[in-house]
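Report on the structure
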Amino acid sequence: MTGRVDGKIVLVTGAARGVGRAQAIRFAEEGADVIALDICRPVETTVTPAATREDLDETARLVERTGRRVVTAVVDVRDVPALTSIVEAAVNGLGGLDIVCATAGITSKGAAMELTDEMWATMLEVNLTGVWATCKATIPHLITRGGGSVILTSSIAGLRDLVGVAHYTAAKHGVVGLMRSLAAEVAPHGIRVNSLHPTNVDTPMIQNPAVRAAFRPDLDDPDREEFAEAARHMNMLPIPWVDPRDVAHAALFLGSDEARYITASTLTVDAGATQL
């Protein structure tokens, strides 16, 4: 099947790499033009290596290779005025907006009683408030368009507990609450809102020394395969993590007319992790 979102325009935050890049490319492969946004710099308190402007440019190159148009911009989703202005300019440039993937996110680790005030605040500001800000900046354009689809990237941590990341779990649960309320509010405008819940995804968010060490405290410097041995225990299926493209496939489904009557739903791409 091809052309599942032919002629549509999709906006993706966190588009420089990982799941965001995979979403931008997958939508473009199926006929959508893309607005690709990313902060392209380190975020305080995080353990994830920062994306760069070069990463975002590579996403643009990969989208253009499909034959679709792409607009890129560097913006922090916590900066509501800047985000709103950039979205406005990009939408005007491409001629509209139909689908939104609020994917930008961060991770850091620490037991609830050990988190600093800054770690807690930064996590909630990026992973929850930033999602709300993305919705606030984009949904008016969907209303103008006469409908659309909003896909909020949560996590298995939005549906279950994860030990050692209470702030991340709280933020991702918050995304589900936001999704459900938004779905009810914008349904009269023909807009659908759903959330995605991946297990570990093979991106720099997990493939870094801090996360590997958290999974393998028995080793001084665990490598990728040693990390994988521990990560497999999180999932029902015998895999350590999914690929970014697996999450992008799910986002494409939710953004397409195949899901035209699906809203206020939590879609897992979790290899059974939420059932364990």
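Values in this document were obtained by computation on a predicted structure and should not be read as measured data.

The next point concerns helix H2 (residues 53–64). Residue pairs three or four apart in sequence face the same way in an α-helix, which turns once every 3.6 residues. In this model H2 runs 16 Å from its N-terminal to its C-terminal C-alpha over twelve residues, within 8% of the 16 Å that 1.5 Å per residue would give. Buried within H2 we find Leu 56, Thr 59, Ala 60, Leu 62 and Val 63. The buried residues of H2 occupy an angular sector of 165° when the element is viewed end-on, so they sit on one face. Buried residues along H2 sit in contact with helix H1 (18–29), strand S2 (33–38) and strand S3 (70–74).

Partitioning the protein chain into structural domains gives domain 1 (9–206 + 244–262) and domain 2 (208–240). Here the C-alpha centroids of domain 1 and domain 2 sit 26 Å apart. Across the boundary between the two partners, domain 1 contributes 13 residues, which contact twelve residues of domain 2. Summing the contributions of domain 1 and of domain 2, the shared interface buries around 860 Å²; its carbon and sulfur component is 52%. On the domain 1 side of the interface with domain 2, the three residues burying the most area are Lys 109, Asn 200 and Ile 206, jointly 50% of the side's total. Applying the counting criterion to the domain 1 and domain 2 interface returns one salt bridge. Where Asp 202 meets Arg 224, a salt bridge forms, and the shortest distance between an N and an O atom there is 2.6 Å.

This part is about the layout of surface pockets. Space inside the second largest pocket adds up to approximately 180 Å³. Together, Arg 17, Gly 18, Arg 21, Ala 22, Ile 25, Asp 202, Thr 203, Pro 204, Asp 243, Pro 244 and Arg 245 line the second largest pocket. Breaking the lining of the second largest pocket down by element, the ones donating at least two residues are H1 and helix H8 (244–255). If one sorts the elements of the lining of the second largest pocket by residue count, H1 sits on top with four residues. Residues that form the lining of the second largest pocket fall into these classes: four nonpolar, two polar and five charged.

Glancing now at the sheet that holds strand S6 (residues 191–198). What links the strands of a sheet is backbone hydrogen bonding, and the strands pair in either a parallel or an antiparallel sense. Spatially, S3-S2-S1-S4-S5-S6-S7 is the arrangement adopted by the seven strands of the open sheet, whose pairing is parallel. The strands lining the two open edges of the sheet, one partner per strand, are S3 and strand S7 (266–269). With strand direction ignored, the average angle separating the axes of adjacent strands in the sheet is 15°. Bridge count for strand S1 (residues 9–13) against strand S4 (residues 99–102) is three bridges, and the pairing is parallel. Directly across from Val 10, in S4, lies its bridge partner Ile 99. Helix-sheet contacts for H2 involve S2 and S3, and the interaxial angle to S3 is about 170°. Of the strands in this sheet, strand S5 (148–153), S6 and S7 are in contact with helix H5 (residues 166–186), which crosses S6 at around 165°.

Counting buried positions over the six residues of S5 gives six, a clear majority of the element. Going residue by residue along S5, you find Gly 148, Val 150 and Leu 152 tucked away on one face and Ser 149, Ile 151 and Thr 153 tucked away on the opposite face as well. Judged from the four bridges that link them, S4 and S5 form a sheet pairing that is parallel. Of the residues in S5, the one forming a bridge with Ile 99 is Ser 149.

Criteria and cut-off values
Residues numbered from 1 in each chain as written. Predicted model: local features only at pLDDT ≥ 70, side-chain atom pairs only at ≥ 80, totals over all residues. Heavy atoms only, no water. Helix = DSSP H or I, 4+ residues; strand = E, 2+ residues; numbered from the N terminus. Expected span 1.5 Å × (residues − 1). Buried < 20%, exposed > 50% of the residue type's maximum accessible area, 1.4 Å probe, protein only. Arc of directions from axis to C-beta. Contact = heavy atoms within 4.5 Å. Domains from an automatic or database assignment. Buried area = accessible area lost by both parts, 1.4 Å probe. Salt bridge = Lys/Arg side-chain N within 4 Å of Asp/Glu carboxyl O. 1 Å grid on protein atoms, 1.4 Å probe; cavity = no way out; pocket = protein on both sides within 12 Å on 5 of 7 lines; lining within 4 Å. Points joined across faces, edges and corners; volume = space filled by probe spheres on them. Nonpolar A, V, L, I, M, F, W, Y, C, P; charged D, E, K, R; others polar. Pairing = 2+ DSSP bridges. Axes fitted to C-alpha atoms, helices over the stretch in contact; angles between N-to-C directions.

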